[in-house]
Amino acid sequence: MAHAYTPGLRVSEMTVLRKERRLPIKGEVIVSKGDHVSSDTIVARTHLPGNVQLVNVASKLGLPPEDLPSVMIRKAGDPIERGKPIAMTKGFFGLFKATVNSPCDGTLDSISTITGQVILREPPMPIQVDAYVDGEVVEVFENEGVAIEVKGSFIQGIFGVGGETAGEIRVAVDSPDQKLEASLFDKSMKNKVVIGGSHVDWAGFQQAMKMGVSGIVVGGFDDPDLKKLLGKDLGVAITGSEDIATTLILTEGFGAMAMAGGTFSLLKSREGKKASINGATQIRAGVMRPEIVIPMPDAELPDGQDASSSAGLEIGSSIRIIREPHFGSLGVVTELPNELRKMESESMVRVLGVKLADGSETVLPRANVEMIER
Amino acid sequence: MSENGKIRAIVATDCGSTTTKAILIKLVDGEYRLVVRGEAPTTVEAPFEDVTRGVLNAVREVEELSGHTILDGETFIHPSDGGDRGVDLYLSTSSAGGGLQMMVAGVVKSMTAESAERAALGAGAIVMDVLASNDGRLPHEQIERIRHLRPDMILLSGGIDGGTVTHVVELGQVISAADPKPRLGMGYNLPVIFAGNVDARDEVTDLLAEKTALSMVDNLRPVLERENLGPAREEIHELFMEHVMAQAPGYNKLMGWTDAPIMPTPGAVGLIMQTIAEQRGIEVVGVDIGGATTDIFSVFQHTFNRTVSANLGMSYSVSNVLAEAGIDNVMRWVPFKLPELSVRNRIKNKMIRPTTVPQSLEDLKIEQAIAREALRLAFVQHKSFAVGLKGVQQERTISEAFSQSASGETLVNMMDLDILVGSGGVLSHAPRRQQAALMMIDAFLPAGITQLAVDSIFMMPQLGVLAGVHEKAATEVFEKDCLIYLGTLVSPVGISQEGKPCLKVEARLPNGTVVNDDIPFGEMIVYPLAIGESVNAKLTPAKGFNLGAGAGKPLECTLTGGVVGLIVDTRGRPFELPTDEHKRVQKLEKWARALDAYPA
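Quick caveat: nothing in here was measured; it's all calculated off a predicted structure.

Definitions and limits used
- Residues numbered from 1 in each chain as written.
- Chains lettered and ligands numbered in written order.
- Predicted model: local features only at pLDDT ≥ 70, side-chain atom pairs only at ≥ 80, totals over all residues.
- Helix = DSSP H or I, 4+ residues; strand = E, 2+ residues; numbered from the N terminus.
- Rg over C-alpha atoms; globule rule 2.2 N^0.38 Å.
- Buried ≥ 20, exposed ≤ 12 C-beta atoms within 10 Å, placed from the backbone.
- Contact = placed C-beta atoms within 7 Å.
- Pairing = 2+ DSSP bridges.
- Core = buried A, V, L, I, M, F, W, Y, C linked by C-beta atoms within 7 Å.
- Nonpolar A, V, L, I, M, F, W, Y, C, P; charged D, E, K, R; others polar.
- Axes fitted to C-alpha atoms, helices over the stretch in contact; angles between N-to-C directions.
- Parallel < 35°, antiparallel > 145°, perpendicular 65-115°, else oblique.
- Left-handed = near helix turned anticlockwise from the far one by under 90°.
- Domains from an automatic or database assignment.
- Arc of directions from axis to C-beta.
- pLDDT = per-residue confidence, 0-100.

### Here we look at the overall build of chain B
Right, on to step 1. From N to C terminus, chain B includes 18 helices and 24 strands.
Right, on to step 2. A globule of 600 residues ought to have a C-alpha radius of gyration of about 25 Å, and chain B, at 25 Å, matches this closely.
Right, on to step 3. Here the C-alpha coordinates of chain B stretch approximately 75 × 65 × 55 Å along the principal axes.
Right, on to step 4. Expressed as a percentage of the 600 residues in chain B, the buried residues total 57%.
Right, on to step 5. A separation of at least 24 residues holds for 70% of the contacts in chain B among residues at least 6 apart in sequence.

### Focus on the overall build of chain A
Right, on to step 1. Tallying secondary structure elements over chain A gives five helices and 26 strands in all.
Right, on to step 2. Against the 2.2 N^0.38 benchmark of 21 Å for 374 residues, chain A shows a C-alpha radius of gyration of 28 Å, more extended than a compact globule.
Right, on to step 3. Projected onto its principal axes, the C-alpha coordinates of chain A cover approximately 100 × 50 × 45 Å.
Right, on to step 4. Residues classed as buried in chain A amount to 45% of the 374 residues present.
Right, on to step 5. Restricting the contact set of chain A to residue pairs at least 6 apart, pairs at least 24 apart contribute 64%.

### Regarding helix H9 (residues 318-325) of chain B
Residue and element names in this part refer to chain B.
Right, on to step 1. Of all eight residues that make up H9, six are buried, and the element is covered over most of its length.
Right, on to step 2. Within H9 the residues assigned to the buried category are Val 318, Ser 319, Asn 320, Val 321, Leu 322 and Ala 325.
Right, on to step 3. Contacts from the buried residues of H9 go to helix H10 (327-331), helix H11 (340-352) and helix H12 (361-385).
Right, on to step 4. Once H9 ends, the next one or two residues include Gly 326, with phi positive near 90 degrees.

### Observations regarding the sheet that holds strand E2 (residues 28-29) of chain A
All names here are of chain A.
Right, on to step 1. With antiparallel pairing, the three strands of this open sheet are ordered in space as E2-E4-E11. Pairing within the sheet leaves two strands with one partner each, and these edge strands are E2 and strand E11 (125-130).
Right, on to step 2. Relative to E11, strand E4 (residues 42-48) runs antiparallel, the two sharing six bridges. Bridge pairing links His 47 to Pro 126 in E11.

### Let's talk about unusual backbone geometry
Right, on to step 1. Cis geometry marks the peptide bond from A:Glu324 to A:Pro325; its omega dihedral reads -10 degrees.
Right, on to step 2. By the element assignment, A:Pro325 lies in the loop between strand E21 (318-321) and strand E22 (330-335).
Right, on to step 3. A cis amide bond links B:Arg573 with the next residue in sequence, B:Pro574, at an omega value of -5 degrees.
Right, on to step 4. Tracing the sequence through the fold places B:Pro574 in the loop between strand E24 (565-569) and helix H18 (581-594).
Right, on to step 5. For B:His302, which is not glycine, the phi dihedral falls at a positive 65 degrees.
Right, on to step 6. Following the sequence through the fold, B:His302 ends up in the loop between strand E14 (294-300) and strand E15 (303-309).
Right, on to step 7. The class of B:His302 is exposed, set by 11 C-beta atoms lying within 10 Å.

### Structural notes on the nonpolar core
Right, on to step 1. Grouped together as the largest cluster of nonpolar side chains are 258 residues, with contacts concentrated most on B:Met102, B:Ala120 and B:Leu155.
Right, on to step 2. What B:Leu155 contacts, discounting residues up to four positions off in sequence, is B:Met102, B:Val104, B:Ala116, B:Ala119, B:Ala120, B:Ile193, B:Ala195, B:Ala232 and B:Ile236.
Right, on to step 3. With twelve residues, the next largest nonpolar core counts A:Leu313, A:Val333, A:Leu352 and A:Leu364 among its residues.

### Thoughts on the interface of chain B and chain A
Right, on to step 1. If you look at the interface, chain B gives 55 residues, while chain A gives 47 residues.
Right, on to step 2. Contributing elements (two or more residues each) for the side of chain B that touches chain A: strand E3 (31-41), helix H1 (51-66), helix H3 (139-149), helix H4 (166-178), H9, H11 and H12 of chain B.
Right, on to step 3. Of all the elements, H11(B) adds the most residues to the side of chain B that touches chain A, at eight residues.
Right, on to step 4. Classifying every residue of the side of chain B that touches chain A by side-chain character gives 27 nonpolar, 17 polar and eleven charged.

### Comments concerning the sheet that holds strand E22 (residues 534-541) of chain B
Residues and elements named next belong to chain B.
Right, on to step 1. Strands sit in the order E20-E19-E22-E23 across an open sheet of four strands; the sheet is antiparallel. Taken across any chain shown, the strands that pair with only one partner, and hence form the sheet edges, are strand E20 (514-520) and strand E23 (555-560). Across the sheet, the mean angle separating the axes of adjacent strands is 25 degrees when strand polarity is ignored.
Right, on to step 2. Sheet topology places E22 next to E23; six bridges connect them, and they run antiparallel. Considered in E23, the bridge of Ala 537 is made with Cys 557.

### Focus on the packing of helix H16 (residues 460-467) of chain B against helix H17 (residues 471-482) of chain B
All names here are of chain B.
Right, on to step 1. Viewed as axis vectors pointing N to C, H16 and H17 meet at an angle of 155 degrees, and their least axial separation amounts to 7 Å. Classed by the angle they form, the pair H16 and H17 counts as roughly antiparallel. Crossing of H16 over H17 shows left-handed handedness. In contact with Met 460, Leu 463, Leu 466 and Ala 467 of H16, H17 contributes Glu 471, Ala 473, Ala 474, Val 477, Phe 478 and Cys 482.
Right, on to step 2. Grouping the constituent residues of the contact of H16 with H17 by class yields nine nonpolar, no polar and one charged.

### Observations concerning the domain arrangement of chain A
Residue and element names in this part refer to chain A.
Right, on to step 1. In terms of domain boundaries, chain A breaks down into domain 1 (52-121), domain 2 (158-289) and domain 3 (318-373).
Right, on to step 2. Spacing between the C-alpha centres of domain 2 and domain 3 amounts to 27 Å.
Right, on to step 3. Facing five residues of domain 2, the contacting portion of domain 3 comprises four residues.
Right, on to step 4. Taken together, the residues of the side of domain 2 that touches domain 3 sort by class into three nonpolar, one polar and one charged.

### Remarks on helix H4 (residues 223-230) of chain A
Right, on to step 1. Those residues of H4(A) lying buried are A:Asp223, A:Asp225, A:Leu226 and A:Leu229. Looking straight down H4(A), one finds its buried side chains confined to an arc of 150 degrees; they lie on one side.
Right, on to step 2. Where H4(A) is buried, its residues meet strand E14 (159-161), helix H3 (202-210), strand E17 (215-221) and strand E18 (247-254) of chain A together with H11 of chain B.
Right, on to step 3. Of the residues trailing H4(A), A:Gly231 is marked for its positive phi of about 80 degrees.

### Quick look at the domain arrangement of chain B
Right, on to step 1. Looking at the assigned domains, one finds that chain B contains domain 1 (9-94), domain 2 (100-247) and domain 3 (284-389 + 398-594).
Right, on to step 2. On a C-alpha basis, the centres of domain 1 of chain B and domain 2 of chain B stand 36 Å from each other.

### Describing the confidence of the model for chain A
Right, on to step 1. Put simply, chain A has an average pLDDT of 89, and 94% of its residues get 70 or more.
Right, on to step 2. When the criterion is pLDDT under 50, residues 305-310 of chain A qualifies, and its contacts beyond four places in sequence or with other chains add up to twelve contacts.

### Quick look at the pairing of E24(B)
A regular strand places its side chains on the two faces of the sheet in alternate fashion.
All names here are of chain B.
Right, on to step 1. Most of E24 sits inside the fold, with five of its five residues counted as buried.
Right, on to step 2. Of the strand pairs in this sheet, strand E18 (residues 483-491) and E24 are connected by four bridges, and their pairing is parallel. When the sheet's bridge partners are listed, Thr 488 is paired in E24 with Leu 566.
Right, on to step 3. With four bridges connecting them, strand E21 (residues 524-527) and E24 associate as antiparallel partners. In the strand pairing of E24, Val 526 is matched with Ile 567.

### Remarks on the environment of B:Ile296
Residue and element names in this part refer to chain B.
Right, on to step 1. Mapped onto the secondary structure, Ile 296 falls in strand E14.
Right, on to step 2. For the pair formed by Ile 296 and Val 55, sequence separation is 241 residues and the distance between their alpha carbons is 26 Å.
Right, on to step 3. Contacts of Ile 296, omitting those with residues within four sequence positions, involve Val 285, Val 287, Thr 307, Ala 378, Phe 379 and His 382.

### Section: the packing of H9(B) against H11(B)
Residue and element names in this part refer to chain B.
Right, on to step 1. In the contact formed by H9 and H11, the axes pass within 7 Å of each other and the chain directions differ by 140 degrees. Relative to H11, the element H9 lies oblique. Every residue of H11 that contacts H9 at Val 318, Ser 319 and Leu 322 is listed here: Ile 347, Lys 348, Lys 350 and Met 351.
Right, on to step 2. Residue composition of the contact of H9 with H11, grouped by class: four nonpolar, one polar and two charged.

### Remarks on the environment of B:Ile25
Right, on to step 1. Secondary-structure assignment places B:Ile25 in strand E2 (residues 19-28).
Right, on to step 2. Sequence separation between B:Ile25 and B:Gly162 is 137 residues; the distance between their C-alpha atoms is 50 Å.

### Side note on the confidence of the model for chain B
All names here are of chain B.
Right, on to step 1. Scored by pLDDT, chain B comes out at a mean of 88, with 94% of its residues at no less than 70.
Right, on to step 2. Below pLDDT 50 for its whole length, residues 400-406 participates in two contacts with residues either more than four positions away or in separate chains.
Right, on to step 3. Note on the complex model: pTM 0.82, ipTM 0.85.

### Observations regarding the environment of B:Asn57
Right, on to step 1. Mapped onto the elements of the fold, B:Asn57 is located in helix H1.
Right, on to step 2. Once the C-alpha coordinates of B:Asn57 and B:Ala600 are considered, the two residues, 543 residues apart in sequence, prove to be 36 Å apart.

Put into C-alpha cells, the structure is as follows:
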C-alpha cells in the first residue's frame, strides 16, 4: 500500500477560502456580489419568530372549546398588548363579565376550538450575520446569506472554545515550546490575537481576559483549567457558543505541547496582520475544527494547486504523533508495512515507521499519527 | 447476482462514527462463510467529507487481504464470476453523521410517550428529548426545546384509538408553533410521523401538513394494554433513508451503490439479537459500545428493548463518560496510580483525536477502565427503561402484592439472563479475550449462571441488514463466524467477608481433572473448558448465597466452555471494590492474573 488515509489539520501559507455566511432562517441579504466586506460588515439580517405562549382561554373562562370564537375580542393575526384583554364573556345582562388578559405583547397566532388554546406570539427578535472575514462577496444565496472569498493564510486548530472574533496577530513568545505565562500579557494586547507556545495555564488565561485579549492560539491547555473556564466538565466536544471574552484555540491538544514548528513560524511571519478566528469545534459528524484565517488580498498564490490539497500518507510525509508514548513529537514516515504488528498493549494494528526529530526511530500504530499538511 | 442467479459473494459495510468496517462473505462448499474483514477511518471529516471514501478504503483493505477483486476503480463489480472477482450483493448500515436523532412526543410521559420512545429507539434512533403533556414543562419551554434541538425527525403519538383527541392535538400545536427546522440542510421540511389516536388525524393534518413533511401510521398504542410499534419503526427507517441520510455527505452516492436500503446500525444489531433470542428461546442482553454511543439490547420475557446512551462512548463521547461517572469511578478500575491531571488530559486528547488506539499497556488499561464505566452507566439506563407497560391493570397473586411489584417494573432479571453478548471496538478488539470477559463481568455483574460471548469482529450490524435480504447467509455466518464464546460465568448472589465460604464446585472436567473445590468469598477462578466442550457440575452455594435455585440450594447443571473457560466469580453481588488503595490495586491485579488478562 503506497499511501494510507490519515486525518490531518490544514496549515496553509496561502490559499483561497470560501466562507458561507447564512441566516438560520430566511431573511434579507444586504450586500451584493462583488462587494468588498470587512469582518464586522453585516451581510444579512432577519427576525427570528418570537416566543410562543399558549393560553387555555376556554378553561380559564369555564367554557367548552367550541364556544371560544364567541368570546374572543382579538382574532387570529391581531396585535395584542400585555395586560390587555383578549377574551371576554358576555356575563349576565352585561354584568359579571370574565376576561382573559394577554400575558405578552405581540400578535395572536391562532385559536383552537378543539383544545380551547389560544396561541400568542411575542414580537420577533432581530438577528444579523456579519462577514467574519475581510474578503469579497462572490455569491449571494437569495434570502439566506452570502459566500465570501478570502485569499490568505489558513490554519486549523485541534480544539477551541469561544466564538468568532478578529484582531491583530501578536506573538508573545520567542519559541514554539515556550509557555504563555500570565506575565507575558499586557494592556497593549487588548483586542489582539495572541500567539503562545506550548501551553497557557489558568492564571495566564485569566490575565488575558482581564487585558481584553480577543483570542489566544497556543499548543496546549489543561483539562482541569477548561473545567474552570466552562464551569463544568466538557462531555462532548461541541463548542463555540460559550459566553467567554477571549476565544481559545489549541493547535496540539491537552497538556503542555510545543506548537508545531510550521504553524508557529507561519503565525510569526504574519505578526501585525489581522486574523479572524473561531474556536467552534464539533468532533462528530460534519467535523468542525477551530480556525485562524489571515486575509492577505495582495499576496500571490503559489503556482499550481492549492498547497493544502490532501494526499494520503506516504514515505517521507511529515507527521505528528497524537498519542502516548511520544505524544506531540514530530517525525517523518520511513516505512509503511502492509502486515499487522503487535504493540506493547498486544493490539495487532497497521503500523508505520517514523524517524523522530531527535533522530531516533520508532514504530507506531498508523491511527496514532496525523499528517502535517503544508 | 452471478450468472445462475445464485448469491456467491456478499460485501457488507457498516459506517460507524469512527470506523467503517467491511466484510466479505462467500459461498464455500454450499455454505456461507466470512472470508475477511477490513476497516478504515470513517471519512465524514474534512478533507474528504464524503462517507464513500471510507467505504472504498475499507473495501480495498478487504481486497488486499482476501485477494478477491471487488472494485473496478470506484465501482463495485456486479455480479460475481463465481470465483475471485465481483460481488452479488452490497449492503450497508450507518451510524455516521451522528446517527438518527429524533424527538418523540406523547400524551402521558410514562405511557404513550414511553411507547413512542421505545419505537424510536427500536428503529435505531437517538432520542434527544421526550415531550409529554405532563412532563412538567410549560408549552413555551417545550417549543424552545424543539427549536433548540433541531432533530432529524419527530414522532408524535398520544391517545388510544377512539379516545380523547384534545391532548394529542395540543402537542401538535406545540410542534406547529415551534415550526421546527431539520438539523441538516435548509431545503426540506422536517419529517413528522403521527402515530397516535386515529380520530385526531384531521386536526393534526391541519396543524402540521404545511409546515412539516407529515406522514401518518397506525397508532403505536391502539389500546392501553398493547403496543403496536412496527408501523412507526418501519416509517422511521423509510424517512431516515429519504430525508436524513440523503443530506449527509456522500450518502446519496452510497445509497446508489447498495442493493437494499441503508439501515441505521443499531436497528440492524437489534434485528440479529431478536433473531437469536427467538431461535433459541433464551433471555439475551447485547451491548454495542461505539465511539459516540453505547447501545444495549435485551430480550426478556419475549419483549425486545433497546436503549441508546447517546453520550457514552469510547472516542467522541469518552470525555462524557468521565463527566458522568466521575474520575473516582473511572480510576477505581485502574491498577496503578496516575495523577488526575494526566488522566484528564489523556481522556480529552482521545476525545479530540477519536481514531487513535492504545499503544502502551498502561494506556490500554485506562481505556478499559473507562469502558467499564461506560457500560455500567449504559446498563443502569437500560434497566430503568426496559420495563413492562405502565398504566395497565394486572392480576396479582398475594405474594406479588407483598413484594410490591407494580406495572412498569424492569424486565431485566440478571438471574434469568442466559447470554451476554458484547460488541464494539473496545470489547471485540481487546487484545486478549479475557479482557473482554472481565470488562463485561465488572460492568454488568451477571448473577447466577451466564454465558459470555463477543461479536468476534463486530459484524452484527452487517449481519442484521443481511438477515433482511438473505436470511440463510446471515444465519450461517452468525452461527459459525460471528460469536466467539468466552465461556460460562458462575456468580453467586450474596455477600460475605473475604475468605469465608461461598461456593462448592464439583465436576469432572473434559481433561480428566476432578474438581472438588470450596471457593471462598472474594475470588475469581478459571477452570479450563474450551469452545465446544461442556461439563456437568454440581454447584453448592454457601448459606446466604444463591445461584438461582434459592439461597444455599445446590444446582446441578451443564456448563459450556469458551476461549476463556469456566469462570467462577465469588466476589459477591452486589459487588464492592475495596476502598483501601493498596488492597484495591492488589485485588485488581489478582483477579486479572486469575484470568490471565494481561501480559506479565
